[in-house]
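The primary structure of each chain is shown beneath.
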Amino acid sequence: MIIVTAGHVDHGKTALLQALTGTNTAHLPEEKKRGMTIDLGYAYLPLEERVLGFIDVPGHEKFLANMLAGLGGVYYAMLVVAADEGISAQTREHLAILRQLQFDEIIVVLTKADRAEVSQIESLEQQLKAHYPFLTNAAFFVTSADSGQGIAELRDYLATLPELGEINKPFRYAIDRVFSVKGAGTVVTGTAFAGKVLIEDELYLSNGERVRVKNIHAQNTESAQGLADQRLALNLNVDLNKQPLARGDWLFSDIIPLPTERITVSLTTDVALSEMQSVHVYHAASRTTGKLALLESKNARPNDTILAEIVLTQPLFLTFGDKLIIRSGDAKSLLGGARVVEINSPKRHKRTASRLAYLQALRQASSTQERLVLILQQGPQTAQYLRWLEQLSESQLDEQLALIGAERYQDWCFNADYQAAKEASLVEVLSNYHEQHDDQLGLAKARLYRIAALNQPEKLIYHLIERLLDDGRLAQSRGWLHLPQHKLGFSESEQALWHSVLEEFEKASGQPIWVRDMANALGLEESAMRNFMYKAGKLGFLIPIVKDRFFLAETLYGYARLIKQMAAESGRISVNELRDQLNFGRKLTVQLMEYFDRSGFLRRRGNEHILRDKDIFDL
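The name given to the chain in an unreviewed UniProt entry is Selenocysteine-specific elongation factor, with Haemophilus pittmaniae as the source organism. Within the UniProt record for the chain, the comment given under Subcellular location (unreviewed entry) is "Cytoplasm".

Moving on, we get to the overall build of the chain. A tally of regular secondary structure across the chain gives 19 helices and 34 strands. Taking the principal axes of its C-alpha atoms as reference, the chain extends roughly 120 × 55 × 40 Å. Relative to its full complement of 619 residues, the chain shows a buried share of 53%. A fraction of 66% describes how many contacts in the chain between residues 6 or more apart in sequence connect residues 24 or more apart. With the model as given, the accessible surface of the chain reaches about 28200 Å², and the carbon-plus-sulfur share is 46%. Here the chain carries 69 positive and 77 negative side-chain charges, and the mean point of each set is 6 Å from the other.

Turning our attention to the sheet that holds strand β26 (residues 412-414). What holds strands together in a sheet is hydrogen bonding between their backbones, with the strands either parallel or antiparallel. Ordered by their spatial adjacency, three strands build an open sheet running β24-β26-β25, and the pairing between neighbours is antiparallel. Sheet topology places β24 (381-382) and β25 (407-409) at the edges, where each strand pairs with a single neighbour. As defined by bridge partners, β25 adjoins β26 across three bridges and the pair is classed as antiparallel. Paired with E407 across the strands is F414, a residue of β26. The sheet strands contacting helix α13 (residues 458-470) are β25 and β26, and the helix crosses β26 at an angle near 60 degrees.

Rules used throughout
- Residues numbered from 1 in each chain as written.
- Predicted model: local features only at pLDDT ≥ 70, side-chain atom pairs only at ≥ 80, totals over all residues.
- Heavy atoms only, no water.
- UniProt positions renumbered as here; feature names shortened; annotations may be inferred.
- Helix = DSSP H or I, 4+ residues; strand = E, 2+ residues; numbered from the N terminus.
- Buried < 20%, exposed > 50% of the residue type's maximum accessible area, 1.4 Å probe, protein only.
- Contact = heavy atoms within 4.5 Å.
- Areas by Shrake-Rupley, 256 points an atom, 1.4 Å probe, with all protein chains shown as cover.
- Lys, Arg positive; Asp, Glu negative; His and termini not counted.
- Charge placed at Lys NZ, Arg CZ, Asp CG, Glu CD.
- Pairing = 2+ DSSP bridges.
- Axes fitted to C-alpha atoms, helices over the stretch in contact; angles between N-to-C directions.

Structure below.
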């Protein structure tokens, strides 16, 4: 467990921690020289069953950025106020930040009690509770590092605080220091936001590189594991000359999505705000700038809680519920605190009534299940995105999806409403197509996707088509999709003519035949032969690659299989390669390839054609 200490410079934070733990957190030479904490200082208090860690954050305004780096992934804070000096400028600044970060508990410690009268101390406590209502029920301790007054009572109270770290989530760790140790190599220190790490575990840096944990110090003690809400030093197999690391980088137990630069937050204001302004954003050990836009109104009053969008200058690794501190564009004043409601927010239609209602519901949702229901109502999402957003393992996500009745196909997660709507759309499109083209057998899968579900996940729509086929709601003939009741056929006289046509194609030995040539061969009028051959095409027996030039369907399917074999390794084929294989002329080969492109079987890319839908010509 980690406890943050905050308060004005010279109010005795470092002395208090030394009295509690025996450690002087002023670890840097410059700090000792100047008598103030510049960077984060750390101290540890071993107890019977655990070790408490304390972060002594800087108290001087100049070092505020370092202070904010210590306030991520921590549930408890101690506000230190000198009894003889009372509330100062930085006390108010730190109180505002502590309130905005919504700690589970803030403990107030009045220091230097030996320098103040009892009445002065009582008055200070009353003043703090009166001016800061969120401290009304806070625990107050009156202490003196010099005399030892109140130190034991405070230590005993801290020992009773419950552990709140989310150990069962994936490991997530914010780096705030990087250095090399002789004989050990690269060491990083930081706070574990969630999860657990063991020696020899492989982790991912925020740049995607994989590293191995060689050794662990948890709460300043060598350990076989590190847990959420602990201060950890990790010895990594990283060469800093080849793989630079810095404050603000992260370590994760799983491959992570790209960081986000457009987020929606629930913002609690500290001052009045206008619709749009430049801001500084603080998250864990990271700091960047951005543009903040109010979504529900053009203005906000102090202490309002509103929805806002932030477009970040530098993308950050944010998940749902992460805490942010928002300061003014000049970084001199606090604007408010925020919690992340949504990452990768849309660029358009961000203030519509339906959009705001969704965000309000998402903000008020109290569980992962409730949020997943709301998110999947907006459409399918990748499992990787949902796992990152809610910080879930693979098995945890699958459990949550099962609880809400949602499904997963490969990496896509979707709900029953989405499935029903898309399946209905696929069936409707085919029905309309049959009405408009009753002389056509059906549509290729790729074309049906483009008509009925463009911009939807292609693999997921293909999966739904397969389900419709399995359920008998769609049928497939020679690769063409149609409704089961939609059928075409020859009359008796046409059946006899078909046998004659088939004999001519057998004589052609795999070559296509023009309508006029077939009419001449069989002694029929050209227009009548054209109508018949196109009907045979609709029935799937013949296929026109250009107007009036037909292949026998089984011959064309054979060429499609040949193309798939030739493109098995690279997924692509050229006109020249197919011409040489078939011994066709170039013009005919180009016609054939262009037909395969139009049908969705191939797609042209430069001088080559790549496989697009390899199932379309399966018999």
